[in-house]
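Structural description and commentary
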Amino acid sequence: EAQVTQNPRYLITVTGKKLTVTCSQNMNHEYMSWYRQDPGLGLRQIYYSMNVEVTDKGDVPEGYKVSRKEKRNFPLILESPSPNQTSLYFCASSLGPRGVHPHTFGSGTRLTVV
Amino acid sequence: GEDVEQSLFLSVREGDSSVINCTYTDSSSTYLYWYKQEPGAGLQLLTYIFSNMDMKQDQRLTVLLNKKDKHLSLRIADTQTGDSAIYFCAESFTGGGNKLTFGTGTQLKVEL
């Protein structure tokens, strides 16, 4: 089944403790991205990647890092999480960087930073 | 800049039609999308429309695009309780790579 898989689904952590949320897709998609969803704000893009070793900032990149060493994986790294990063995170992928290529979204990771 | 707005709530009776509205500001939008989010789930693509189209129909779903007014709507015919969810409109635009700019989401509640 074609899908985007995120892990973990739920995570509670403490301020300052580094964490990684993994994202993997099995569709050989070139384009991958991370969004966060907050009440009343919709989804906002954090980082995106056009291909292996090509990443760029989205609208809200502060406090996050990403890497794209392989085509299928695009982990999101929080080096020193803070409570304002408590949110619902979605990874997405698409065949290419153009709007004609719809995104497939993962099921989400609900992160709580205390 | 990009800004996409939606009303927050909509309540309809089962069997009625639902119309969810969205306005956007970026005139260079190329594709506009409707996503559905059920509780605890990710976003499911419902349908999308290219910006040079006025209308697209897909079974119970009808998308209308008024490019002059920058207004997008999603009509769900014969709304069922399984349609209860949050609906997001989103746009991608020329020069934006494939970034999606999302609205705030409309929570649709279908009552018996």
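Residues numbered from 1 in each chain as written. Chains lettered and ligands numbered in written order. Predicted model: local features only at pLDDT ≥ 70, side-chain atom pairs only at ≥ 80, totals over all residues. Heavy atoms only, no water.

Residue and element names in this part refer to chain A. A contiguous nonpolar patch, built from Ile-12, Val-14 and Val-114 and spanning about 300 Å² of accessible area, is present on the exposed surface. Relative to the helices and strands, Val-14 resides in the loop between β2 (10-13) and β3 (19-25). For Val-14, a relative accessible area of 44% gives the class partly exposed. (Patch = residues over 30% accessible without salt bridge, like charges linked within 9 Å, V, L, I, M, F, W, Y side chains within 5 Å. Areas by Shrake-Rupley, 256 points an atom, 1.4 Å probe, with all protein chains shown as cover. Salt bridge = Lys/Arg side-chain N within 4 Å of Asp/Glu carboxyl O. Helix = DSSP H or I, 4+ residues; strand = E, 2+ residues; numbered from the N terminus. Buried < 20%, exposed > 50% of the residue type's maximum accessible area, 1.4 Å probe, protein only.)

Residues and elements named next belong to chain A. In terms of residue burial, strand β4 (residues 31-38) counts as a mostly covered element, since eight of its eight residues are buried. By the alternation rule, side chains of β4 split into Tyr-31, Ser-33, Tyr-35 and Gln-37 and Met-32, Trp-34, Arg-36 and Asp-38, which are all buried. Bridge analysis of β4 against strand β9 (residues 87-94) gives seven bridges, and the strand direction is antiparallel. Its bridge partner lying in β9, Met-32 is registered against Ser-93. (Pairing = 2+ DSSP bridges.)

All names here are of chain B. In terms of nonpolar packing, the biggest core is built from 20 residues, with Trp-34, Leu-72, Leu-74 and Tyr-87 touching the most fellow members. Those elements giving two or more residues to this core turn out to be β3 (18-24), β4 (29-37), β5 (43-50), β7 (61-66), β8 (71-76), β9 (85-93) and β11 (106-111). Other than its neighbours up to four places away in sequence, Tyr-87 contacts Gln-6, Ile-20, Tyr-35, Lys-36, Leu-46, Leu-74, Ile-76, Gly-105, Thr-106 and Leu-108. (Core = buried A, V, L, I, M, F, W, Y, C linked by side-chain atoms within 4.5 Å. Contact = heavy atoms within 4.5 Å.)

With that settled, the discussion passes to the state of the cysteines. Chemically, a disulfide is nothing more than a covalent bond linking the sulfur atoms of two cysteines. Tallied over the entire structure, the rule returns two disulfides over all chains. Each sulfur in the disulfide pair Cys23(A) and Cys91(A) lies 1.9 Å from the other. Between Cys23(A) and Cys91(A), the S-S torsion sits near -75°, and that sign places the bridge as left-handed. Here Cys23(A) is found in strand β3, whereas its partner Cys91(A) is found in strand β9, with 68 residues between them in sequence. Of the residues examined, Cys91(A) reaches a relative accessible area of 0% and is grouped as buried. What pairs with Cys22(B) in a disulfide is Cys89(B), and their sulfur atoms sit 1.9 Å apart. An S-S torsion of about 70° defines the bridge between Cys22(B) and Cys89(B) as right-handed. Of this pair, Cys22(B) sits in strand β3 while Cys89(B) sits in strand β9, placing them 67 residues apart in sequence. (Disulfide = S-S within 2.5 Å.)

This part takes up the pattern of salt bridges. Inspection of every chain in the model, using the stated rule, returns seven salt bridges over all chains. Arg36(A) is the salt-bridge partner of Asp38(A), the closest N and O atoms lying 2.9 Å from each other. You can call Asp38(A) buried: its relative accessible area is 10%. For Arg36(A), a relative accessible area of 9% translates into the label buried. Here Arg60(B) and Asp83(B) are joined by a salt bridge, their closest N and O atoms 2.9 Å apart. Here Arg60(B) is found in the loop between β6 (55-58) and β7, whereas its partner Asp83(B) is found in the loop between β8 and β9, with 23 residues between them in sequence.

The pairing of strands in a sheet comes from backbone hydrogen bonds and takes either a parallel or an antiparallel form. All names here are of chain B. Read across the open sheet, the five strands follow the order β1-β3-β8-β7-β6; overall the sheet is antiparallel. Either end of the sheet is taken by a strand with one partner, and the two such strands are β1 (4-6) and β6. On average, each strand axis in the sheet is inclined to that of its neighbour by 15°, with strand direction left out of account. Looking at chain direction, β6 and β7 are connected through four bridges and run antiparallel. Its bridge partner lying in β7, Met-55 is registered against Leu-64. (Axes fitted to C-alpha atoms, helices over the stretch in contact; angles between N-to-C directions.)

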